[in-house]
Amino acid sequence: MPTDSLWEQTLTFFPQFVRALNEECRPGATVAVIGASDGKFVLPLAAAGYRVVAIEKDPLALNGGEALLPVSGITYVPGLVERLKEANLHHRVRIVCADFLEVESAETTVDAVWTSCSWHYSVNHRRPLSEFVGRMQRLVRRGGLFGAEFMMPVEPRHHSIEHYTAPDRLSRYFTNDWEVQLTLHTDWFTERAHVGQLDDHTHRMGLLIARRDPGGPTRRRIQQQ
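Reading the values: rules and limits
- Residues numbered from 1 in each chain as written.
- Predicted model: local features only at pLDDT ≥ 70, side-chain atom pairs only at ≥ 80, totals over all residues.
- Heavy atoms only, no water.
- Helix = DSSP H or I, 4+ residues; strand = E, 2+ residues; numbered from the N terminus.
- Rg over C-alpha atoms; globule rule 2.2 N^0.38 Å.
- Contact = heavy atoms within 4.5 Å.
- Areas by Shrake-Rupley, 256 points an atom, 1.4 Å probe, with all protein chains shown as cover.
- Lys, Arg positive; Asp, Glu negative; His and termini not counted.
- Charge placed at Lys NZ, Arg CZ, Asp CG, Glu CD.
- Buried < 20%, exposed > 50% of the residue type's maximum accessible area, 1.4 Å probe, protein only.
- pLDDT = per-residue confidence, 0-100.
- Salt bridge = Lys/Arg side-chain N within 4 Å of Asp/Glu carboxyl O.
- Core = buried A, V, L, I, M, F, W, Y, C linked by side-chain atoms within 4.5 Å.
- Pairing = 2+ DSSP bridges.
- Right-handed = clockwise from strand over helix to strand, strands pointing away.

### Some details on the overall build of the protein
Each helix and strand in the protein was counted, giving six helices and eleven strands. The globule rule puts the C-alpha radius of gyration for 225 residues at 17 Å, and the 17 Å found for the protein is close to it. Put simply, 69% of the contacts in the protein that link residues at least 6 apart link residues at least 24 apart. Carbon together with sulfur atoms contributes 49% to the accessible area of the protein, which is approximately 11000 Å² in total. Side-chain charges of the protein comprise 25 positive and 27 negative groups, with the mean position of each set lying 7 Å from the other.

Here it is in structure tokens:
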């Protein structure tokens, strides 16, 4: 469903995650969205009947305010709280206003977890990528899903930053009781200017979807597509 998010036009593998979610998880399952922003992924999940835990610390993304946009200039934009109320979906979403790297995973256990291009931001480079991924994994119940789309290296400097990763490198974190179900990646593409990046720019993106074994630790075959 269109959500009128500030990020509405940016490329995403989210449909592949939703397809896996519909196949693997029960109706009404709980999904955590890490880096929920203004709700590009939160609103469609809630509208589809899922319960959502939205983890986000940016006050503008949560509460709205003035933002500098490529064409419009400084413009008021609604935040996640306002947009959920307008869509009458606020009763299906629990907002956690916190830095994900500071949230105790024991506080929340979910059927699936999703993040979109969040760990490549420099503010998250203070911790190893393995910690970010591990925290996401610990949120997921047995039989549940892990989904992440992420930025791959483009500029030379990216190759020295582990948070710009690739599906094959990321797959190494999914051993024992995890099965990697799907990996994808794009070629280089040009994305139009958006909030936070006021010029057209080049990206490469990857996707990884994994399922946590419901029966306990076991080494599974990794499938790549």
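That shown, we press on.
### Things to note about helix α5 (residues 129–139)
Here α5 lies mainly inside the structure; eight of its eleven residues are buried. Of the positions making up α5, those classed as buried are L129, F132, V133, G134, R135, M136, Q137 and L139. Each element contacted by the buried residues of α5 is listed here: β1 (30–34), β6 (110–116), β7 (140–151), α6 (167–171), β8 (178–185) and β11 (205–212).

### Let's talk about the confidence of the model for the protein
In the predicted model, the protein carries a mean pLDDT of 89, and the fraction of residues at 70 or more is 93%. Contacts from residues 218–225, a stretch scored under 50 in pLDDT, to residues over four places away or in other chains number 24 contacts.

### Considerations on unusual backbone geometry
One non-glycine residue, S37, lies in positive phi territory at about 50 degrees. Here S37 lies in the loop between β1 and α2 (42–47). When its relative accessible area of 17% is taken as the criterion, S37 is described as buried. Look at N176: it is not a glycine, yet its phi comes out positive at around 55 degrees. Residue position: N176 is located in the loop between α6 and β8.

### Considering the pattern of salt bridges
Tallying each qualifying case throughout the model produces twelve salt bridges. Note that D111 and R141 form a salt bridge whose closest N and O atoms lie 3.2 Å from each other. Of this pair, D111 sits in strand β6 while R141 sits in strand β7, and the two are 30 residues apart along the sequence. Judged by relative accessible area, D111 falls into the buried class, the value being 8%. A salt bridge links E131 to R135; the nearest nitrogen and oxygen atoms lie 3.3 Å apart. In this pair, E131 and R135 are both assigned in helix α5, four residues apart and thus about one turn of the helix distant.

### Looking at the nonpolar core
Core analysis: the largest hydrophobic core is formed by 36 residues, its most contacted members being F17, L21, V42, L45 and L80. If near-sequence neighbours (up to four positions away) are discounted, V42 is found in contact with V33, A36, V52, A54, L80, L84 and V93. Membership of the second largest hydrophobic core comes to 28 residues, among which are V96, L129, F146 and M152.

### Observations concerning the pairing of strand β2 (residues 51–56)
Of all six residues in β2, five are buried; the element is thus mostly enclosed. Bridging between β1 and β2 involves five bridges; their strand directions are parallel. Its bridge partner lying in β2, V33 is registered against A54. Handedness of the β-α-β unit built from β1, α2 and β2 comes out right-handed. Pairing analysis gives five bridges linking β2 to strand β5 (residues 93–97), with the strands arranged parallel. Each residue of the ladder has a partner; that of V53, found in β5, is R94.

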